[in-house]
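Per-entry structural report
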Amino acid sequence: SNEFDLPQKNEDTDRIPMLAPVEGKDKSWTNIQYRSGVIVTDRAIKAQKHAKIAQMISGFSNAPTRKVEYAVFDQFNNGFATHTTADGAYVFSNTHYKFDKEAGTWDNLMDAAAPSVTTIEAARLHFDTFTTEKGFVSTKKPGKILIPSQHWQVTWEALNSAKNPDNALNAKNAFKDT
């Protein structure tokens, strides 16, 4: 961790108080290589299926991209009951220890709800109240919102409409132009 206590009052003739950061946690993982190939049979070549062979090979280059996408979403799909982090808790858990275990735990779970102005604001407030092991408000903020495609329109409207889509009184959208 790069988190320290606040500096202490110290005169020029006093020894400088030395601070030590909390060491953090280790998480080991195994790097797995994935490989595959394309086989073009003699029969396909003799039958002059060149267009089909080219089509088959062109799709092969998409496989690594799909594998990465699957691996990323696998964290979301299995982060509640299978995949763990360095502290031993599931990826999505309300019992993550801070780097200094004596400082308690932090929570990255919220009540499940469909996206709306209210739930997006609740998520923003959730991030704004994260504290570090020293009790300071965390500077870590989300950079993206990942949503399933069926919630895209509602989320877009909540974040980009000039007026608040959840309010019939034509209220200004607080997320717009912020």
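Anything mentioned here points back to the structure above.
The notes below deal with the structure included here. Keep in mind it's a predicted model, so treat the numbers as computed, not measured.

A few words now on the overall build of the protein. Helices and strands together make up the secondary structure of the protein, namely five helices and two strands. Taken across its 178 residues, the protein has 16% of its residues classed as buried. Of the roughly 14,600 Å² of accessible surface on the protein, a fraction of 55% belongs to carbon and sulfur atoms.

What follows deals with the pattern of salt bridges. Applying the stated criterion across every chain yields a total of two salt bridges. Here Arg 124 makes a salt bridge to Glu 121, at a shortest N to O gap of 2.6 Å. Placement of both Arg 124 and Glu 121 in helix α4 (residues 117–128) is noted, with a separation of three residues, approximately one turn of the helix. Overall, the relative accessible area of 36% leaves Arg 124 in the partly exposed class. A residue is classified by how much of its surface remains accessible, and Glu 121, at 26% relative accessible area, is partly exposed. The partner of Arg 124 in a salt bridge is Asp 128, with the nearest N and O atoms 2.5 Å apart. Residue Arg 124 and its partner Asp 128 are located together in helix α4, separated by four residues, close to a single helical turn. Judged by relative accessible area, Asp 128 falls into the partly exposed class, the value being 30%. It is possible to trace a salt-bridge network through shared partners that takes in Glu 121, Arg 124 and Asp 128.

Attention shifts here to the layout of surface pockets. The method is simple in principle: a probe with the dimensions of a water molecule rolls over the atoms, and the space it marks as empty is what remains. Approximately 240 Å³ is the volume found for the second largest pocket. Along its surface, the second largest pocket is lined by Trp 29, Thr 30, Asn 31, Ile 32, Tyr 34, Lys 67, Val 68, Tyr 70 and Ala 71. The class makeup of the residues in the lining of the second largest pocket is six nonpolar, two polar and one charged.

Looking now at a nonpolar patch on the surface. A surface patch of nonpolar side chains, amounting to about 450 Å² of accessible area, comprises Val 68, Val 72, Phe 73, Phe 76 and Leu 146. Position of Leu 146 among the secondary structure elements: in the loop between α4 and α5 (152–160).

So, about the packing of aromatic side chains. Ring pairs (aromatic) are described by centroid distance and by the angle formed between their planes. One pass over the structure, following the stated rule, counts four aromatic pairs. Taken together, Phe 73, Phe 76, Phe 80 and Phe 92 form an aromatic cluster joined through their ring pairs. A cation sits over an aromatic face here: Lys 67 above Tyr 34, 4.3 Å from the ring centre.

Here Gln 48, not a glycine, exhibits a phi torsion of approximately 55 degrees, which is positive. Relative to the helices and strands, Gln 48 resides in the loop between α1 (42–46) and α2 (50–60). Among the residues examined, Gln 48 registers a relative accessible area of 59% and is labelled exposed.

Structurally, Ala 114 is set in the loop between β2 (105–106) and α4. For the pair formed by Ala 114 and Gln 150, sequence separation is 36 residues and the distance between their alpha carbons is 10.0 Å. In contact with Ala 114, not counting residues within four places along its chain, are Thr 119 and His 151.

With that out of the way, let us pick up the side chain of Asp 74. Structurally, Asp 74 is set in helix α3 (residues 63–78). Contacts of Asp 74, omitting those with residues within four sequence positions, involve Gly 79 and His 83.

Cut-off values and rules
- All residue numbers refer to position in the chain's written sequence, counted from 1.
- Only residues with pLDDT of 70 or above have their local features reported here, since the model is predicted, and side-chain atom pairs are shown and tallied only from 80 upward, although totals for entire chains, interfaces and linings are computed over all residues.
- In computing side-chain values, all of the structure's heavy atoms are included and hydrogens and water are not.
- A helix here means a DSSP run of H or I that spans at least four residues, while a strand means a run of E at least two residues long, and both kinds are numbered starting from the N terminus.
- Burial here depends on accessible area, computed with a 1.4 Å probe over protein chains only, as a share of the maximum for the residue type. Under 20% is buried, over 50% is exposed, and the range in between is partly exposed.
- Under the convention used here, a 1.4 Å probe and the Shrake-Rupley method define accessible areas, while residue burial counts only the protein chains that appear.
- The salt bridge criterion pairs a side-chain nitrogen of Lys or Arg with a carboxyl oxygen of Asp or Glu, the two atoms within 4 Å.
- Lining residues are those with an atom within 4 Å of a point, where the points come from a 1 Å grid over the protein atoms alone and group into cavities, where a 1.4 Å probe fits but cannot get out, or pockets, open sets with protein on both sides within 12 Å along at least five of seven lines.
- Grid points are joined across faces, edges and corners, and a volume is the space filled by probe spheres set on the points.
- The classification used treats Ala, Val, Leu, Ile, Met, Phe, Trp, Tyr, Cys and Pro as nonpolar, Asp, Glu, Lys and Arg as charged, and all other residues, Gly among them, as polar.
- Any residue with relative accessible area above 30% and no salt bridge may belong to a patch, with like charges joined within 9 Å and the nonpolar Val, Leu, Ile, Met, Phe, Trp and Tyr side chains within 5 Å.
- Pairing of aromatic rings covers Phe, Tyr and the six-membered ring of Trp, with a centre-to-centre limit of 6.5 Å; geometry is then stacked below 30 degrees between planes, edge-to-face above 60, and tilted otherwise.
- By the criterion adopted, a ring carries a charge over it if an Arg CZ or a Lys NZ lies within 6 Å of its centre and within 35 degrees of its normal.
- Residues count as neighbours in contact if any of their non-hydrogen atoms are within 4.5 Å of one another.

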